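So you can see what is in the structure, the chains are spelled out below.
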Amino acid sequence: MSSAPASRSRHHPQGAPGPAWLCLLLLLTACVPAAGTNPGIKARLTRRALEFGRQLGLELLQSRLQKEHELNLNGSYHSPLLGTLTYAVPWIRVHELQINDSAVDFAEDVGVRLTVQRARIRLGAEWEAQLGAIKDRGSIELRMNDVAVAAVLGVSVDGSGRPMVQSVSCDARGTDLHMEFHRGHSWLYNLLAPLAQRVLRQELNKQLCLELRRGVYRLEAALKHTRVSTQLDSFAAIDHSLLGPPAITAEHGDVALKGEFFRVGKCQQRPCSALPAALPMALPAALPTVLPTALPAAHEPMLLLAVTEFVANSAAFTYFTAGALRRNISSNMLPRRFPLQLRTKSLGLFSPQLQERYPDQPMELRLSARRQPLLSCRPDALHGALFSSAEAFVVLPNATRVPAFLLNIDANVTGKPTITGNRLGGTVSLTGLSVAQVTSHVGPVEVKRLETLLKFGLWLFGVPWANKRLQAGVPLPAPHGLSLLSPRLSLQEGFVLIATDLQYQS
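Just so you know, these numbers come straight off a predicted model, no measurement behind them.

1. Structural notes on the state of the cysteines
Here the structure, examined in full by the defined rule, presents 1 disulfide. A disulfide bridge connects Cys 170 with Cys 209, and the sulfur atoms are separated by 2.1 Å. As the torsion about the S-S bond is roughly -85°, the Cys 170-Cys 209 disulfide counts as left-handed. Of the two residues, Cys 170 is situated in strand S6 (residues 163-182) and Cys 209 in helix H3 (residues 186-223); the sequence distance between them amounts to 39 residues.

2. A short note on unusual backbone geometry
Here Arg 118, not a glycine, exhibits a phi torsion of approximately 55°, which is positive. Mapped onto the elements of the fold, Arg 118 is located in strand S4 (residues 111-131). Arg 118 gets classed as partly exposed once you look at its relative accessible area, which sits at 46%. A positive phi is found at Ser 486, a non-glycine position, where the angle reads about 50°. Locating Ser 486 in the fold gives a position in strand S20 (residues 482-492). Taking relative accessible area as the criterion, Ser 486 reaches 47% and is therefore assigned partly exposed.

3. Some thoughts on the packing of aromatic side chains
Evaluated as defined, the whole model comprises 3 aromatic pairs. The lysine or arginine in question, Arg 371, covers the ring of Phe 387, its NZ or CZ lying 4.0 Å from the ring centre.

4. Brief notes about the side chain of Gln 372
Take Gln 372: it is sitting in the loop between strand S14 (363-369) and strand S15 (374-377). A polar contact of 3.2 Å, which involves the side chain of Gln 372, links it to the backbone oxygen of Asn 313.

5. Overview of the confidence of the model for the protein chain
Residue-level pLDDT values for the protein chain average 80, and 84% of them are 70 or greater. Ignoring residues within four places in sequence, the model shows residues 269-298, a span with pLDDT below 50, making 68 contacts including any to other chains.

6. Some details on the sheet that holds strand S7 (residues 229-231)
A sheet is described by the order of its strands in space; here 3 strands give the open sequence S7-S8-S11, paired in antiparallel fashion. With partners counted over all chains shown, the strands left at the sheet margins are S7 and strand S11 (260-263), one partner each. Strand-to-strand twist of the sheet, defined as the mean angle between neighbouring strand axes without regard to direction, takes the value 25°. When S7 meets strand S8 (residues 236-239), the two strands line up antiparallel, connected through 3 bridges. Bridging across to S8, Ser 229 finds its partner in Asp 239. Where helix H4 (residues 309-321) meets the sheet, its contacts fall on S8 and S11, and the angle it forms with S11 comes to roughly 10°.

Scoring rules and cut-offs
By convention here, each chain's residues receive numbers from 1 onward along its written sequence. Only residues with pLDDT of at least 70 get local features here, since the model is predicted, and only at 80 or more are side-chain atom pairs given and counted; chain-wide, interface and lining totals rely on the full set of residues. The side-chain values count all of the structure's non-hydrogen atoms but skip hydrogen atoms and water molecules. The rule for a disulfide is simple: a pair of cysteine sulfur atoms within 2.5 Å. Numbering of helices and strands runs from the N terminus, with a helix taken as a DSSP run of H or I at least four residues long and a strand as a DSSP run of E at least two residues long. Working definition: with a 1.4 Å probe on protein chains only, accessible area under 20% of the residue-type maximum means buried, over 50% means exposed, and in between means partly exposed. Note on aromatic pairs: the rings of Phe, Tyr and Trp (six-membered ring only in Trp) are paired at centre separations within 6.5 Å, and the planes decide the class, stacked below 30 degrees, edge-to-face beyond 60, tilted for the rest. Lysine NZ or arginine CZ positioned within 6 Å of the ring centre and within 35 degrees of the ring normal marks a charge as sitting over the ring. Any N or O atom pair separated by 3.5 Å or less is treated as a polar contact, with the protein-specific requirement of one donor-capable and one acceptor-capable atom, and with residues adjacent in sequence counted only for side-chain atom pairs. For every residue, the predictor assigns a confidence score, pLDDT, that lies between 0 and 100. Any two residues having at least one pair of non-hydrogen atoms within 4.5 Å are treated as being in contact. A strand pair is defined by DSSP finding two or more bridges across the two strands. Axis angles are defined between N-to-C directions and span 0 to 180 degrees, where every axis is a line fitted to C-alpha atoms and, for a helix, only to the segment in contact.

Right, dumping it as structure tokens:
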């Protein structure tokens, strides 16, 4: 029994994605040569999720029903002794609803099955009646016991990847109806009440299923306007349309989402065609039936969410082709204790001609990705390969920028994502760094010495700076009022798996 009533904005950040956001991209997901309709994201709802939805639905139903409803119920009854009684009930109010026995289950290959037994409802309404030339009005109280409802809702997908629902079947019966009139000539109508109760009970049974179908129609209309993509910033959006109807068994329901990033306002080639190396296959056709760490059946999570490498690699491809993976660094942007300062006096240690030609002048560094970052997920960690170029300029007193040298800087990183409540965070480690000279206008650059000092600087300042921001985490998107409860995250071959319960706060 449930009796307690219960009560997305979109943000478009502008400009290039920040370093912490890009690091989270490395940590959150890691691609698969996604051919055909392989999903980027796959979700599984378990029977515990249905039970959570049932309890939440009952609370919302209580709050929704406890208000006035338009009914417009009209009818008549003929008595050989008194003639024809016509009546009208324009509105109705639910005073009490008790659902003592209800259940919701998966309807295999169809959707969801709802059953209600031994429910009790108490209604109040205003009435108008006419018997011959006599007109009267008053109020009525109805009590219906032993109400049973059995309904099946179908779930599918339309051509644009939006979810669809439909009422497949509905049967409602209430076998015990009692009605009592108040005001007016109530004493007379109460004498006739037993005769009218059968007709009224049949009408109310019809209204129960009609109201359910109206609710399904309203939900279907709302789903037609749901977004199948969301713009994240001025560069990228993500396509989260459904790739097909949910795969529903008696135990769970699986939903496959495209999960592909794409460039805002542009058509782009699929990222897999641009990948220079073969990557692991993505999520298997079916999610694992148990978590990597086996849990008792009573602790089966409500939701399993698998995010494949494809999601992150499509993001990397999108930002790379949009030119977003670049940044200019000036001398005042580095920590004062960083072992490499952007001045000719500091970098002249690796290129003597630089200091000779431009004594103690400020410098700028133009960092950019020369290839798409590559990301992969393995059971031990998330692995990323970054391919960048760094072009150094000397800033003259008249603000003219003179090119000094161009380097290729490649890095290998690993990451461990974490999840706490509704926030995703993690840590990152630098596992490899290489520096190579491409061109130089100031003589040879001692890249091995530069590489060693750069590794030390990143280990001392860069990685701790990134981890401080990553550990703070970012909030995960969730429908209004819903949040994750006791989420657990594990790394699989080719995808990140999140197992969690859900909670609702009005």
